[in-house]
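Descriptive structure summary
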Amino acid sequence: MHHILVAGRLHPAGIARLQSAPGVTFKLVDEISVESYVPFIGDADAVVLRTQPMTADIIAGAPQLKVVSRHGVGYDAVDVKALDARGIALTIVGDVNSRAVAEHTLMLMLSTARHTVAHDRAARSGHWNVRNAFETVELDGKTLLLLGFGRIGRRVAELARAFGMVVTAYDPYLSADVIAAAGVRPATDMKRALGAADFVSLHMPPSPAGALIGASELALMKTSAIIINAARGGLIDETALDEALKSSRLLAAGLDVLAEEPPKPGHPLLANERVTISPHSAGLTDECAARMAVASVQNILDFLAGTIDPRLVVNASQITTEKPASQA
């Protein structure tokens, strides 16, 4: 009998999958914090992990741990080396959130372009004539630069083309032919592409080298440009972004992710009226939450049964999959 710790609120669809699984017990901890799940990790053979950190010290306190299943695709806060040292698998969900994140990306583009948040506040407070400022812009006919052209980037391209946008993409890991085959203009020089774009949307993984977009990259962009990040916090230098927006060297930004989450109350971007911020919620629609919950639970069940898809195991080369009891 394997014991599973669910560290963070899980969609009922995921709980239902646990309840129907034979040969396992489970503990649910609704609060998403380190302090809430650590007291229970010592008894866990497997953990479903939301966005909380899992450090080497925490892993050391889990002698029975065999697999950690991320409720998502990012694992920046997990000490993978500490897992490797113990032969503990780290799994991620497959393509369950690209549709939700792509829709959210378009929402941020529309919201920033049409000043949705500011106009909502103005309309509610009686400032109806804010509409006569003619400060909003359209997506139709504008050039969108995608930095990264994976599943989410491709879906954003499809949606953006439906709005009449001209879509270009820069991805150092893909050939120009692959990008062009998807009906998108390939950009081989990121800096040149930044200067030509009306909208820039980030869909790249984090880099050890630091921010992908810093002060020098922001300086290349049009003063009328809008930048969107629904990928990873830290891809944009937030200090440089704040300065660029305040000095009108950039029109607006839409952010679903920040380098530190949640941000401290004094974070400058929180007071910047040119920024629209959502609380890392791009992939948290009801439908996507159900898919992620079921997938993260199923990854544990598959690993324990020895049937896990190795493409979903981040550190597959460092571990061996669990063998079914009949083969042990």
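Whatever comes next refers back to the structure up there.
Our subject in this report is the structure included herewith.

About the cut-offs
- Residues numbered from 1 in each chain as written.
- Predicted model: local features only at pLDDT ≥ 70, side-chain atom pairs only at ≥ 80, totals over all residues.
- Heavy atoms only, no water.
- Core = buried A, V, L, I, M, F, W, Y, C linked by side-chain atoms within 4.5 Å.
- Buried < 20%, exposed > 50% of the residue type's maximum accessible area, 1.4 Å probe, protein only.
- Helix = DSSP H or I, 4+ residues; strand = E, 2+ residues; numbered from the N terminus.
- Contact = heavy atoms within 4.5 Å.
- 1 Å grid on protein atoms, 1.4 Å probe; cavity = no way out; pocket = protein on both sides within 12 Å on 5 of 7 lines; lining within 4 Å.
- Points joined across faces, edges and corners; volume = space filled by probe spheres on them.
- Arc of directions from axis to C-beta.
- Pairing = 2+ DSSP bridges.
- Axes fitted to C-alpha atoms, helices over the stretch in contact; angles between N-to-C directions.

1. Quick look at the nonpolar core
Among the nonpolar cores identified, the biggest contains 29 residues, and Leu145, Leu147, Val200, Leu218, Ile227, Leu241 and Leu250 are the most heavily contacted of them. Elements supplying a minimum of two residues to this core: strand E6 (143–147), helix H9 (190–196), strand E9 (199–202), helix H11 (238–246) and strand E11 (252–255). With 4 residues, the single largest contributor to this core is H11. Those residues in contact with Leu241 that sit more than four places away from it in its chain are Leu218, Ile227, Ile236, Leu250, Ala253, Leu255 and Leu269.

2. Comments concerning the layout of surface pockets
A water-sized probe, rolled over the atoms, reveals where empty space remains. The computed volume of the second largest pocket comes to approximately 530 Å³. Contributing to the lining of the second largest pocket are 21 residues, with Ala118, Arg121, Glu273, Arg274 and Val275 lying nearest its centre. When contributions to the lining of the second largest pocket are tallied by element, the ones reaching two or more residues are helix H5 (98–113), helix H6 (116–124) and strand E12 (275–277). The element contributing the most residues to the lining of the second largest pocket is H6, with 5 residues.

3. Re helix H1 (residues 12–20)
Note on helix geometry: an α-helix contains 3.6 residues per turn, so any two residues three or four positions apart are oriented the same way. Taken together, the buried positions of H1 are Gly14, Ile15 and Leu18. Looking straight down H1, one finds that the buried residues subtend no more than 100° of arc, so they occupy a single side. Pointing more than 90 degrees away from the buried face of H1 are the exposed residues Pro12 and Gln19. The secondary structure elements touched by the buried residues of H1 are strand E1 (2–7), strand E2 (24–29) and helix H12 (286–305).

4. A word on the sheet that holds E1
Spatially, the 5 strands line up as an open sheet ordered E2-E1-E3-E4-E5, and their pairing is parallel. Only two strands of the sheet have a single partner each, and these edge strands are E2 and strand E5 (89–91). The average angle at which neighbouring strand axes cross in this sheet is 15°, direction not considered. As paired strands, strand E3 (residues 46–49) and strand E4 (residues 67–70) are joined by 4 bridges and run parallel to one another. Each bridged residue has a counterpart across the sheet, and for Val48 the counterpart in E4 is Ser69. This element, H1, spans E1 and E2 of the sheet and lies at about 155° to E2.

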